[in-house]
Every structure is written in C-alpha cells, then in structure tokens.
Amino acid sequence: MATPNVESPAPVGSNGSSNGNGAVVARPRRRATAQSMAAGQRDISVSEFFAKNRHLLGFDNPRKALLTTVKEAVDNALDACEEAGILPEIWVHIQRVGQDRYKVGVQDNGPGILKKQIPLIFGKLLYGSKFHRMRMSRGQQGIGISAAGMHGLLTTGKPVKIMSKVSRRESAHYYEIQIDTKRNLPEILNGRGEGVEIPPNGLGEKLIEKHGIEWEETVEHGTRVTIELEARYQRGRGSVDEYLEETAIANPHVAIHYTDPDDDKRDYSRVTDQLPPEPKEIKPHPYGVELGRLVTMVHDTAAPTIAQFLIGSFSRVSAAIAKRLCDAAKISPRANPKKVGRQEADQLYQAIQKTKIPAPSTDCIVPIGEELILKGLRQVVPGEFYAAATRPPAVYRGNPFQIEVGLAYGGASPVARVSREGLAELLEESDARTLRQFLISSFQGLGADAADKILASANVGIRISPAKLKSADVDRLHQALQSVNISEGQSMNVLRYANRVPLQFQAGACAITQTVMGTNWRSYGLNQSRGSLPGGPVTVMVHMASVWVPFTNESKEAIASYPEIQKELRLALQSVGRKLGMYLRRRLHVRHEGQRRQIFLRYLGEVASAVSRINKTDRDKLYDQLLEVAKKSTAKADLELDDRGKPIEATEDFGDNVIIVEPPAAATQAAKP
C-alpha cells in the first residue's frame with residue numbers, strides 16, 4: 001500500500017509566522033521613513049574611509065604592507081633632500097620584533113621638519129604641499145606616510161614615532177602620534193600632548209637613550225620615522241630589497257644604507273655627486289582644465305577682467321591669446337569674471353579647445369638623463385650591451401611628461417647570482433605551492449620553460465612543495481641554477497618607474513607593460529610570442545617623468561593608458577630596440593665570419609700541398625698567401641668594439657648613449673685562426 005504524500009510544514013522564519021495549519025503568513029515589512037533614514041546618515045572622514053579600505057593604498061597583504069611602508073618613507077625623504085639641495089643619504093632598518101611583526105625605521109639627512117608641521121604630516125591624511133603644485137615630485141596626494149602609520153596603529157596598536165632635527169645647534173623634536181580616524185586629526189601621545197624636546201647636548205643623548213629613540217649620530221639634521229606593523233618579510237620579486245635596488249638605478253645621486261631583518265647590511269653608493277636640476281613650478285595649461293574646474297576658477301579669481309584671469313591663471317596664455325579666446329567665446333575681454341555665467345564659461349571652454357595654444361613649459365620636469373641611466377643600469381644589472389634613449393617632452397591633457405628608456409642585454413641571470421644560503425632563505429620564506437611556481441614568482445624574467453629546464457637538471461619534482469625540500473635537493477637545485485643556460489627560456493625583465501619611483505605591482509594594468517608587449521621585438525633580434533614579453537637575457541627600464549602621473553589607483557602602482565603616453569613609450573622603446581638589433585646582427589655576423597674562417601683553415605693546408613705538388617711552388621709561401629686571402633674574406637671576424645659600441649678602426653657605430661662592456665665570447669673565440 002502506497003504511503004500518502006505528507007507535506008512538512010514550512011519553517012517559521014523571521015519574516016513570517018505559522019497560522020496553525022502549517023502555512024506561513026508573511027508579516028508586513030516595516031518601511032523606513034525619510035526621518036529614520038536621515039537619522040542614520042553622517043559624515044565620513046577620509047581617514048575612516050581608508051582605514052576600512054586599506055587595500056586601495058597598497059596594504060592589501062602583509063608582504064605588500066611592508067614594502068609600501070618603506071616606499072612611502074623613502075620617497076618622502078628623497079623629495080625633502082632634493083628640494084633642500086642636499087645630496088640624499090638614507091638609512092633603512094627593518095627589525096623583526098615578533099611573529100609577523102616588524103619595526104621599520106627610515107632616516108634621512110634632509111632639512112628636517114618644523115615642530116608644528118610634524119603632527120599634521122604624519123597624523124592626517126590628505127595633508128601636504130605637493131597636491132596643488134604643478135611640478136615633478138614623487139608624492140602627490142599627501143596620503144602615503146600617514147596611511148602607513150594608520151596601518152601600523154590598526155595592526156599593532158603602536159603609534160608612529162618621529163624625530164626631526166633642523167639644525168645641529170637646535171633641539172630636536174620627538175613625537176609619538178596616532179590618527180583619530182573619525183576626525184582625521186593627529187593625537188600626540190607623549191609629552192602631555194606637546195611632544196618632547198631633545199636638546200643638542202649630553203642631556204639630549206640621555207633622553208634619546210631613555211625613550212629608546214634610534215638616531216644616526218653623524219646626521220646633523222634630518223628626520224627619522226619609525227613604524228611598527230604586522231607584515232611579512234620575503235626576498236625576491238616585489239620585496240623591499242628589490243625596491244631599494246631599483247631605487248638606486250633611477251636615483252644615482254642617492255646613497256642608501258640598508259639593514260634587513262636578518263641583520264645583513266647592504267650599501268648602495270651614489271654614482272654621481274650632482275643633484276638633479278630643481279624642477280620649476282608652472283601654472284595649469286588650459287588644455288588640462290575641464291569645464292567644471294574652469295567654472296570654479298572663474299568664480300574664485302580676484303582678477304578684475306576675464307582677460308587678466310586667463311593670463312594670470314594659465315601657462316602659455318599671452319594677452320594676444322587671451323583676446324582670441326574671448327573673441328571666439330563672444331565674451332568681452334573686460335568682462336567681470338564674477339558676472340560670467342555657466343553658459344559663457346561653456347563658450348570659453350569650447351574656445352580653449354579650438355584655439356591653438358603653445359605646449360606648456362617643460363622645465364617643471366627633470367629626466368634622469370641617458371648618461372646616468374647607463375651608469376645606474378651598469379651598476380646594478382650585469383650585461384654586455386647597454387643603450388638608453390630620452391624622448392623630447394610631450395603633453396597629455398595639458399600636463400607635460402617625458403619618457404626615458406634604458407636597456408641592458410646579456411650578463412648573468414638573477415638566478416645564477418643567488419647564493420646557496422640565499423636560495424635556502426627564499427625557499428623557507430616562500431608561500432608558493434609548488435617548486436615550479438616558486439621559481440617563476442621569485443626570480444624576475446624567469447619563464448615557465450626556463451623553470452622546467454632547471455627542475456629537470458636538478459632532478460627535482462615539479463609539484464613538490466618548496467618547504468619539503470631536503471638539504472641535498474637544495475644543493476642540486478642551486479647547482480642547476482648556476483649551470484643551466486636559461487637565456488632562451490628567460491623573458492624580458494621590465495623595470496617600471498614614475499618620477500624616479502619603482503612600480504612593482506599591477507604590471508599587467510600598466511601602460512608601460514602593455515606597450516612593451518605590443519612592441520614588435522622580433523625585428524630587433526629577440527624571440528617573442530604574440531601578446532607576451534620577448535624572450536632573452538634583456539632588462540628594460542622605463543621611466544615616466546611628469547607634473548602629474550596618471551596612476552590607475554591610490555596605491556600608485558600602474559600608469560593609465562593615455563594615447564599620448566603610449567605613443568611616446570612606443571617611440572622610446574623602438575629607439576633602444578634598433579640599437580639592440582644592430583648589436584645582435586653584428587654579433588651574429590662576426591660569429592658567422594669566424595665559422596667561415598675555421599672552414600677555410602681546415603682545408604688550406606691540403607690545398608697548398610696539392611697546388612705546390614702540381615705547380616712545383618714553395619708550399620709554405622703558398623700557404624701564407626692563401627691564409628692572407630682567407631683573412632681578407634672574413635675580415636669581420638677580427639672586428640673589435642670599444643666600450644661605446646664603436647668598431648675600432650672602422651667607420652660604423654651604434655650611435656650615442658651605448659656601452660659595450662666586452663666583445664661577445666663566442667665571436668672572440670671564433671675569430672681566432
């Protein structure tokens with residue numbers, strides 16, 4: 001007998017109740033009123049917003065948080081020193097103070113900070129002097145270092161510690177500061193809310209020791225910031241070590257003293273004693289001002305006439321151009337700006353877009369320069385061929401910018417330079433799931449094919465976890481790293497910079513990476529698959545200098561893809577690519593000529609003996625004559641190049657801004673008779 005279907009009663013939820021028969025009766029939903037909604041609304045401070053959205057500022061994981069903290073402090077130090085006309089010297093100290101907790105200290109020899117400014121700079125977001133200035137600088141928004149302090153406070157509860165000294169004879173100022181995120185205001189925790197004065201004498205030394213303040217005693221003026229935060233230190237790509245190394249390339253006038261959590265010390269010496277020229281501040285260009293901004297500027301100006309407003313508010317607007325703009329907009333040049341309505345402002349905006357106005361002045365940006373790019377690359381990146389190119393200044397949205405590119409080819413791969421101890425540390429610190437993934441993620445430019453070659457040579461499984469490697473496996477892996485030729489499986493290493501600051505994350509979203517991948521490197525002698533980076537032992541450094549770098553987000557990690565920027569990037573890359581192509585073709589030709597000579601030498605003896613027997617001539621004399629003919633036919637096998645890339649006793653050269661360290665070993669060996 002079939003069992004009848006019995007429906008079970010529906011569960012009683014929060015939005016309904018049972019009527020006794022198992023059915024659920026929906027309760028009427030309470031409607032919010034305008035008054036109740038208004039009661040729940042309040043202002044949100046910028047600190048409170050970024051405290052909940054720290055990933056927007058580069059604090060989305062512990063490893064990146066450590067890098068961002070060091071980066072913001074170093075960038076501020078470099079800007080302060082250069083603005084004061086001081087050759088920068090920077091001390092970076094990272095100390096492990098607990099499980100996943102580190103103390104970061106960064107000190108400079110800059111001009112120092114006035115007492116009243118210290119709490120605002122380090123304890124308030126969006127406070128700074130660079131946002132409204134139209135000139136090249138590393139910082140832009142006034143968020144970085146104060147956000148790093150806020151992250152440290154949220155993760156460890158420890159305040160930011162700052163000591164600043166403006167003169168050897170004056171007292172230093174010491175503060176312990178935290179941010180009140182609800183009000184976006186600093187709270188001073190020491191000295192009863194006033195900080196502590198450190199006098200320049202023996203008493204000051206006792207106070208420094210009492211408060212546990214770290215300070216390089218040889219520095220007569222400067223600033224030191226110390227932040228304790230939850231973080232993770234890991235070597236390899238995207239690390240603090242890599243950031244400081246790349247900073248030394250783009251800032252050859254800087255001396256950096258670095259102490260890592262393992263107490264290993266590294267010094268990056270300055271390559272030049274010349275400071276970059278100081279960029280000059282300019283006014284905004286009319287092409288870079290949008291309609292809403294123009295309306296605000298017109299209403300806020302103190303100029304008595306619209307013509308004087310245009311001349312005084314914008315760069316490259318002369319009296320004649322101001323009159324043309326007013327005529328095109330059908331506005332009297334003598335009109336009072338306060339009486340200009342939105343329609344007239346719209347007409348003026350349209351007139352600006354249609355009128356030819358000279359490009360803005362470019363003395364507001366300071367490029368690194370081709371010579372210093374070559375020196376910086378050669379100091380850090382090993383190679384046999386170096387080339388550099390600096391493009392003329394260009395403009396996007398009225399903002400001047402300039403693109404520079406440096407290229408290094410050849411030399412030992414980064415994997416070949418790692419020590420046995422360094423490899424063991426990388427393996428121990430890695431969070432990669434497989435050894436193959438570890439190799440690709442830890443070494444810049446190492447592709448999947450090269451990783452497979454290394455693992456095959458080391459006789460280690462591809463899917464084995466790095467943490468499970470035994471000592472013998474590490475030895476074999478290190479040996480494979482030293483011996484395997486990975487130049488064919490190696491991909492191009494791209495170093496991205498904006499205003500001399502390395503960009504280490506979000507490479508795929510950056511206009512630099514996209515343009516490098518879109519360039520046809522096959523025509524310059526490199527292997528390249530469609531839509532990918534070219535292969536080979538190549539490092540390309542790309543630098544964008546601008547009064548306002550168009551970053552894609554607040555963490556300043558990728559450059560937006562404006563057509564004007566991509567065009568200049570493409571032209572600069574093609575410039576160094578042509579020089580690389582000339583070098584590679586010439587090197588290949590020399591190798592081929594050497595191989596031809598070897599073939600000639602192999603048979604010259606037999607030919608000379610046979611001919612001497614037939615013609616009854618002197619065999620040795622005939623051999624010398626044939627050898628001379630062979631040398632002339634393969635003359636390029638004897639080609640030697642100087643360190644500027646110019647053939648010795650020849651008319652050919654690679655152009656300017658090229659360095660060749662030594663002739664290729666293969667060509668040299670092939671040239672020997």
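Residues numbered from 1 in each chain as written. Predicted model: local features only at pLDDT ≥ 70, side-chain atom pairs only at ≥ 80, totals over all residues. Heavy atoms only, no water.

Draft legend 1. Helix H15 (residues 435-442), seen in detail. Listing the buried residues of H15 in full gives Leu435, Phe438, Leu439 and Ser442. Seen along its axis, H15 keeps its buried residues to an arc of 95 degrees; they face one direction. (Buried < 20%, exposed > 50% of the residue type's maximum accessible area, 1.4 Å probe, protein only. Helix = DSSP H or I, 4+ residues; strand = E, 2+ residues; numbered from the N terminus. Arc of directions from axis to C-beta.)

Draft legend 2. Inspection of the pairing of strand E14 (residues 399-409) at higher detail. With respect to burial, E14 is a largely interior element, eleven of its eleven residues being buried. The two faces of E14 match: Asn399, Phe401, Ile403, Val405, Leu407 and Tyr409 on one face and Pro400, Gln402, Glu404, Gly406 and Ala408 on the other face are all buried. Pairing of strand E12 (residues 385-390) with E14 involves six bridges; the strand directions are antiparallel. When the bridges of E14 are listed, Thr390 appears paired with Glu404. Sheet topology note: the strand E13 (residues 394-396)/E14 ladder contains three bridges and is antiparallel. Across the sheet, residue Val395 finds its bridge partner in E14, namely Pro400. Where E13 hands over to E14, the hairpin turn is made up of two residues, of which Arg397 adopts a positive phi near 50 degrees. (Pairing = 2+ DSSP bridges.)

Draft legend 3. Up close: the pattern of salt bridges. Under the criterion given, the structure shown has 26 salt bridges. The partner of Asp473 in a salt bridge is Arg476, and the shortest N-O contact between them spans 2.6 Å. In this pair, Asp473 and Arg476 are both assigned in helix H17 (residues 471-483), three residues apart and thus about one turn of the helix distant. (Salt bridge = Lys/Arg side-chain N within 4 Å of Asp/Glu carboxyl O.)

Draft legend 4. Quick look at unusual backbone geometry. We note that Arg192 has phi near 55 degrees; this positive angle belongs to a residue other than glycine. Within the fold, Arg192 resides in the loop between strand E7 (185-188) and strand E8 (196-198).

Draft legend 5. Spotlight on the packing of aromatic side chains. The final tally for this structure, using the stated rule, is five aromatic pairs. Aromatic side chains Phe385 and Tyr583 sit 4.6 Å apart centroid to centroid with 20 degrees between the ring planes, which places their arrangement in the stacked category. In this pair, Phe385 is assigned in strand E12 and Tyr583 in helix H19 (residues 563-615), connecting sequence segments 198 residues apart. Judged by relative accessible area, which is 0%, Phe385 ranks as buried. Ring pairs connect the aromatic residues Tyr396, Phe401 and Tyr562, which therefore count as one cluster. The ring of Phe505 is capped by Lys64, whose NZ or CZ atom sits 4.8 Å from the centre of that ring. (Phe/Tyr/Trp six-rings, centres within 6.5 Å; stacked < 30°, edge-to-face > 60°. Lys NZ or Arg CZ within 6 Å of the ring centre and 35° of its normal.)

Draft legend 6. Just helix H5 (residues 144-156), in detail. An ideal rise of 1.5 Å per residue puts 18 Å on 13 residues; H5 measures up with 18 Å between its terminal C-alpha atoms. Within H5, twelve of the 13 residues are buried, leaving the element largely enclosed by the surrounding structure. Burial in H5 covers these residues: Gly144, Ile145, Ser146, Ala147, Ala148, Gly149, Met150, His151, Gly152, Leu153, Thr155 and Thr156. (Expected span 1.5 Å × (residues − 1).)

Treat this as a map of the structure, not an account of what it does.
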